[in-house]
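Take a look at the letters that make up each chain.
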Amino acid sequence: MKIVLATSNRGKIREIQRFLKEFEIVPYSEYIPPFEIPENGKTFQENAIIKAKSVFEKLQQKGISEIVLADDSGISVEALGWKPNICSARYAGENASSEDNLEKMIQELKSLGATSSKAYYTASIAIVDKNSNIWTTHGWMYGKVIPEKRGNNGFGYDPIFIPDGENETLGVLPNDIKEKYSHRVKALKLAKIVLRNID
Ligand code: ITT
């Protein structure tokens, strides 16, 4: 069964393909040129639905009818008043890179004098099936962030995030350890049940 991913984030594409091996996972950019999707929802769930529906509808306009899956995710940090939350991708500004966002967070933590702060990741997955039904699932990963980059594994904020139960960042820990705790994998486990029961 084919599933079109409504994301341009290569880190997400890699992790979703790795976990949903039983399906044929195709990024939407293989069908249509990537386009700006206004993520103006108030929650991860709302934004995941906006992304999945936007790509589903755009594909339908081209006569392509496929199941679409989107991921909206982010990190919430206690010392930052549980921000950036749904604004994680634009923490350092509208067109900020992952590197800019990471640097900004390190600087903010340093300026607060925090040597570490409790943090968690959230992932909301939205699926639009071929009958336009919408399904959502969610997952969380708890841990802390430190104001120092360690390792290059994972993506985004992973080089400063240490999951509960570990002593190293996700930048240092291998992929299979991230999978054990991952917010995205928890949401995808539930999404798998949905995907096995729709057509
Ligand atoms: P799409 O909207 O195209 O999917 P995006 O990167 O803009 O890509 P989001 O709006 O969902 O995605 O923003 C999520 C941000 O949160 C992302 O840019 C990362 O910086 C961060 N993030 C989410 N999950 C993460 C993970 O597993 N590891 C590290 N950072 C993560």
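Summarised in this report is the structure supplied together with it.

### Some points on helix H2 (residues 44–61)
Thought 1: Here H2 is 18 residues long and its end C-alpha atoms lie 26 Å apart, about the 26 Å a rise of 1.5 Å per residue gives.
Thought 2: For H2, the complete set of buried residues consists of Phe44, Asn47, Ala48, Lys51, Ala52, Ser54, Val55, Phe56 and Leu59.
Thought 3: Looking at the buried residues of H2, the elements they touch are strand E1 (2–5), helix H1 (10–19), strand E3 (67–77) and strand E5 (117–128).
Thought 4: Directly beyond the C-terminal end of H2, a positive phi value near 80° is found at Gly63.

### Remarks on the nonpolar core
Thought 1: Core analysis: the largest hydrophobic core is formed by 20 residues, its most contacted members being Leu20, Leu69, Ile127 and Leu195.
Thought 2: Listed by contribution, the elements that provide at least two residues to this core are E1, H1, E3, E5 and helix H5 (183–196).
Thought 3: Among the elements that line this core, the one with the most residues is H5, at six residues.
Thought 4: Setting aside its immediate chain neighbours within four residues, Leu20 contacts Ile25, Leu69, Leu188, Lys192 and Leu195.
Thought 5: Val77, Leu102, Ala114 and Ile160 belong to the second largest nonpolar core, which has 19 residues in total.

### Overview of unusual backbone geometry
Thought 1: The linkage connecting Lys83 with the following residue, Pro84, adopts the cis geometry, with an omega of -5°.
Thought 2: Residue placement: Pro84 occurs in strand E4 (residues 83–84).
Thought 3: Phi angles above zero are rare outside glycine, and Trp82 is one such case at about 60°.
Thought 4: Here Trp82 is to be found in the loop between E3 and E4.

### Remarks on the pairing of E3
Thought 1: Of all the eleven residues making up E3, eleven are buried; the element is thus mostly covered by neighbouring parts of the structure.
Thought 2: Residues of E3 alternate between two faces, with Ile67, Leu69, Asp71, Ser73, Ile75 and Val77 on one and Val68, Ala70, Asp72, Gly74 and Ser76 on the opposite face, all of them buried.
Thought 3: Of the pairings in the sheet, the one linking E1 to E3 comprises three bridges and is parallel in character. Directly across from Leu5, in E3, lies its bridge partner Leu69.
Thought 4: The pairing of E3 with E5 spans ten bridges and is classified as antiparallel. Within E5, the position partnered with Ala70 by the bridge is Ala126.

### Quick look at H1
Thought 1: For H1, every residue scored as buried is listed here: Gly11, Lys12, Ile13, Glu15, Ile16 and Phe19.
Thought 2: The elements touched by buried residues of H1 are E1, strand E2 (24–27), H2, E3, helix H4 (175–181) and H5.
Thought 3: Backbone nitrogen of Gly11 and a side-chain oxygen of the N-cap are separated by 2.9 Å at the start of H1; the cap is Asn9.

Conventions adopted
- Residues numbered from 1 in each chain as written.
- Predicted model: local features only at pLDDT ≥ 70, side-chain atom pairs only at ≥ 80, totals over all residues.
- Heavy atoms only, no water.
- Helix = DSSP H or I, 4+ residues; strand = E, 2+ residues; numbered from the N terminus.
- Expected span 1.5 Å × (residues − 1).
- Buried < 20%, exposed > 50% of the residue type's maximum accessible area, 1.4 Å probe, protein only.
- Contact = heavy atoms within 4.5 Å.
- Core = buried A, V, L, I, M, F, W, Y, C linked by side-chain atoms within 4.5 Å.
- Pairing = 2+ DSSP bridges.
- Polar contact = N/O pair within 3.5 Å; in protein donor to acceptor, adjacent residues only side chain to side chain.

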